[in-house]
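Descriptive structure summary
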Amino acid sequence: AQSVTQLGSHVSVSEGALVLLRCNYSSSVPPYLFWYVQYPNQGLQLLLKYTSAATLVKGINGFEAEFKKSETSFHLTKPSAHMSDAAEYFCAAGGGSNYKLTFGKGTLLTVNP
Amino acid sequence: NAGVTQTPKFRVLKTGQSMTLLCAQDMNHEYMYWYRQDPGMGLRLIHYSVGEGTTAKGEVPDGYNVSRLKKQNFLLGLESAAPSQTSVYFCASRGASPDQYFGPGTRLLVL
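Note that the structure is predicted; figures quoted are calculated from it, not measured. (Residues numbered from 1 in each chain as written. Chains lettered and ligands numbered in written order. Predicted model: local features only at pLDDT ≥ 70, side-chain atom pairs only at ≥ 80, totals over all residues. Heavy atoms only, no water.)

Points about the pattern of salt bridges
The line we're drawing: By definition, a salt bridge exists where a carboxyl oxygen of Asp or Glu is found within 4 Å of a side-chain nitrogen of Lys or Arg. The helix and strand labels rest on DSSP assignments: H or I over at least four residues marks a helix, E over at least two residues marks a strand, and numbering proceeds from the N terminus.
The final tally for this structure, using the stated rule, is 6 salt bridges over all chains. Here B:Asp99 and A:Lys49 are joined by a salt bridge, their closest N and O atoms 2.6 Å apart. You can see B:Asp99 sitting in the loop between strand S9 (87-94) and strand S10 (101-102) and its partner A:Lys49 sitting in strand S5 (residues 44-50), one on each of two chains. Linking A:Glu64 and A:Lys58 is a salt bridge whose minimum nitrogen-to-oxygen distance equals 2.8 Å.

This is the structure we're talking about:
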């Protein structure tokens with residue numbers, strides 16, 4: 001069974017600093033990988049996805065993620081944090097004929113002025 | 001397009017009461033899902049459907065039932081609510097692409 005691990009349930013950065021949110025997956029076959037963002041009292045919104053094309057994936061709001069098969073990782077980055085990036089971020093994995101996604105437990109990002 | 005909508009947005013139940021949560025999507029998606037979100041637990045799949053008239057159990061199905069009589073609707077039922085079912089419930093749908101589209105959620109409090 002697939003599992004998704006997000007390292008750090010809470011990450012705090014200063015405005016303008018680099019954002020790095022970590023995600024590792026366990027799977028013998030590289031799955032589809034996703035990052036979702038959830039703003040307070042809202043549903044989940046897709047930030048970006050990896051579907052076996054380019055290993056560096058660019059998403060909305062200046063975020064990007066790099067798929068590293070050797071490390072089974074799909075870390076999310078943004079060069080310069082903005083106050084509006086404060087939210088909870090979820091990494092998810094699914095694959096092939098598996099219709100289901102497995103979610104990590106989430107990382108709450110706080111951006112300090 | 002409204003995307004994925006959920007009804008109601010918030011509900012308070014007493015232990016033992018029943019209720020149905022409605023999810024509707026207007027994207028002609030085949031697959032639909034019900035999740036619950038609890039603090040520190042991420043999203044856990046309750047039930048899902050791969051097409052009209054089909055349903056399947058997810059990770060945490062106990063205490064819930066579902067129906068998919070119409071392609072655009074996916075209903076989640078609680079026959080006898082328990083305090084452990086206090087949660088935020090999200091519905092999602094997907095089509096041919098693997099990414100799922102989420103509704104705004106239903107907050108349920110069971111007293």
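Don't stop here, the text continues.
Things to note about the sheet that holds strand S7 (residues 64-68) of chain A
All names here are of chain A. Our working definition: Here a strand pair is declared whenever DSSP counts at least two bridges between the two strands. Axis angles are defined between N-to-C directions and span 0 to 180 degrees, where every axis is a line fitted to C-alpha atoms and, for a helix, only to the segment in contact.
The strand order S1-S3-S8-S7-S6 describes an open sheet built from 5 strands, whose pairing is antiparallel. The two strands at the open ends of the sheet, each matched to only one other strand, are strand S1 (3-7) and strand S6 (56-58). Mean inter-strand twist for the sheet, computed between neighbouring axes without regard to direction, equals 20°. In terms of strand pairing, S1 meets strand S3 (residues 19-26) through 5 bridges, oriented antiparallel. Looking across to S3, one finds that Ser-3 is bridged to Ser-26.

Focus: the sheet that holds strand S7 (residues 65-67) of chain B
Residues and elements named next belong to chain B. Within the open sheet, the 4 strands sit side by side as S1-S3-S8-S7. Their pairing is antiparallel. With one partner strand each, in any of the chains shown, strand S1 (4-7) and S7 form the two edges of the open sheet. Neighbouring strand axes in the sheet, compared pairwise and without regard to direction, differ in orientation by 20° on average. Strand direction decides the pairing type here: S1 and strand S3 (residues 19-25), joined by 4 bridges, are antiparallel. Its bridge partner lying in S3, Thr-5 is registered against Ala-24.

Details of the state of the cysteines
Quick note on the threshold: Any two cysteine sulfur atoms within 2.5 Å of one another count as a disulfide. Between buried and exposed lies partly exposed: a residue is buried under 20% and exposed over 50% of the maximum accessible area for its type, with that area taken using a 1.4 Å probe on protein chains only.
Counted under the stated rule, the structure contains 2 disulfides over all chains. Covalently, A:Cys23 is tied to A:Cys91 through a disulfide, its sulfur atoms 1.9 Å apart. Residues A:Cys23 and A:Cys91 are joined through a disulfide that is left-handed, its torsion about the S-S bond being -65°. Taken together, the residues span a long stretch of sequence, with A:Cys23 in strand S3 and A:Cys91 in strand S9 (residues 87-94) at a distance of 68 residues. Like A:Cys91, A:Cys23 is buried. Residue pairing for B:Cys23: its cysteine sulfur links by disulfide to B:Cys91, the two sulfurs lying 1.9 Å apart. Here B:Cys23 and B:Cys91 share a disulfide; its torsion about the S-S bond, -75°, makes the bridge left-handed. Pair noted here: B:Cys23 is in strand S3 and B:Cys91 is in strand S9, with a separation of 68 residues, a long-range link. With respect to burial, B:Cys23 and B:Cys91 carry one shared label: buried.

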